[in-house]
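# Structural features, examined
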Amino acid sequence: KQEVTQIPAALSVPEGENLVLNCSFTDSAIYNLQWFRQDPGKGLTSLLLIQSSQREQTSGRLNASLDKSSGRSTLYIAASQPGDSATYLCAVGTNAGKSTFGDGTTLTVKP
Amino acid sequence: NAGVTQTPKFQVLKTGQSMTLQCAQDMNHEYMSWYRQDPGMGLRLIHYSVGAGITDQGEVPNGYNVSRSTTEDFPLRLLSAAPSQTSVYFCASSWGPDTQYFGPGTRLTVL
């Protein structure tokens, strides 16, 4: 059974810092990995999707990497801003459309 | 495009009652999924579908039924509500095993 772990569970940083969120998974037979953002009381917004054949994806200040063989992914956020405060979730997916989520990292960026 | 829509936004049920959570998407996505999210946790897959007429169980299917008669709609039925089903329910859709788009969620309380 696939298990996804996100460390740390919570993170507080001052504005402007660069930071890294971690995601690990137990079964390397994944099709893709997706990072989401969730604001309190809201749904999920997709940030980045990495296919299993890719090593990284970038969007603006966000960069996600994938090391399938070691079962790890990182989400790098550059020059953090208070508007980045949210919960970040990673999910690993199979080609059958099944996704397994981690419990998320709650990020607080202080002005 | 309205994207993924879910109704109702909020619902309170008594133990033993049944109800249907509605999910619809207007993006012609083949894949649709239902998740539940409990406080402080990630999402757990309930049921998913890779096309009209095709459904399969996820991680936590007990107490829930689904059917997929059209590409657009994927309703989730609670057969006999229990307090353990108190949660936030999210519906998602995607083009195949690709980027998932989420609805705003339904907050369900079972008394």
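Relevant structure appears above.
To keep things clear, this report deals only with the structure shown in the data block.

Definitions and limits used
Residues numbered from 1 in each chain as written. Chains lettered and ligands numbered in written order. Predicted model: local features only at pLDDT ≥ 70, side-chain atom pairs only at ≥ 80, totals over all residues. Heavy atoms only, no water. Contact = heavy atoms within 4.5 Å. Buried area = accessible area lost by both parts, 1.4 Å probe. Salt bridge = Lys/Arg side-chain N within 4 Å of Asp/Glu carboxyl O. Polar contact = N/O pair within 3.5 Å; in protein donor to acceptor, adjacent residues only side chain to side chain. Nonpolar A, V, L, I, M, F, W, Y, C, P; charged D, E, K, R; others polar. 1 Å grid on protein atoms, 1.4 Å probe; cavity = no way out; pocket = protein on both sides within 12 Å on 5 of 7 lines; lining within 4 Å. Points joined across faces, edges and corners; volume = space filled by probe spheres on them. Helix = DSSP H or I, 4+ residues; strand = E, 2+ residues; numbered from the N terminus. Disulfide = S-S within 2.5 Å. Buried < 20%, exposed > 50% of the residue type's maximum accessible area, 1.4 Å probe, protein only.

### Thoughts on the interface of chain A and chain B
Across the boundary between the two partners, chain A contributes 23 residues, which contact 22 residues of chain B. Interface area for chain A against chain B, summed over the two sides, is near 1600 Å², with a carbon-plus-sulfur share of 51%. On the chain A side of the interface with chain B, the three residues burying the most area are Leu-44, Lys-98 and Phe-101 of chain A, jointly 26% of the side's total. At the surface where chain A touches chain B, the tally comes to one salt bridge. In this structure, the salt-bridge partner of Glu-59 of chain B is Lys-1 of chain A, at a minimum N-O distance of 3.6 Å. Across the contact surface, chain A and chain B share six residue pairs in polar contact (both at pLDDT 80 or more). Split by residue class, the side of chain A that touches chain B holds seven nonpolar, twelve polar and four charged.

### Here we look at empty space enclosed by the protein
For the structure shown, the criterion picks out one cavity of 30 Å³ or more. As a volume, the largest cavity reaches approximately 120 Å³. Considering the residues around the largest cavity, the lining is formed by 19 residues, among which Gly-97 and Ser-99 of chain A together with Pro-97, Asp-98 and Gln-100 of chain B are closest to the centre. Taken together, the elements giving at least two residues each to the lining of the largest cavity come down to β4 (32-38) and β9 (86-93) of chain A together with β4 (31-37) and β9 (87-94) of chain B.

### Things to note about the state of the cysteines
In this structure the tally under the stated criterion is two disulfides over all chains. One disulfide in the model links Cys-23 of chain A with Cys-90 of chain A; its S-S distance is 2.0 Å. With the S-S bond torsion at 75°, the cross-link from Cys-23 of chain A to Cys-90 of chain A turns out right-handed. Of the two residues, Cys-23 of chain A sits in strand β3 (residues 19-25) while Cys-90 of chain A sits in strand β9, which places them 67 residues apart along the sequence. Side by side, Cys-23 of chain A and Cys-90 of chain A carry an identical accessibility label, which is buried. Between the sulfur atoms of Cys-23 of chain B and its disulfide partner Cys-91 of chain B the distance amounts to 1.8 Å. Across the disulfide from Cys-23 of chain B to Cys-91 of chain B, rotation about the S-S bond amounts to roughly -70°, and the bridge is consequently left-handed. Of this pair, Cys-23 of chain B sits in strand β3 (residues 19-25) while Cys-91 of chain B is found in strand β9, placing the two residues 68 residues apart along the sequence. The exposure classification of Cys-23 of chain B matches that of Cys-91 of chain B, with both residues buried.

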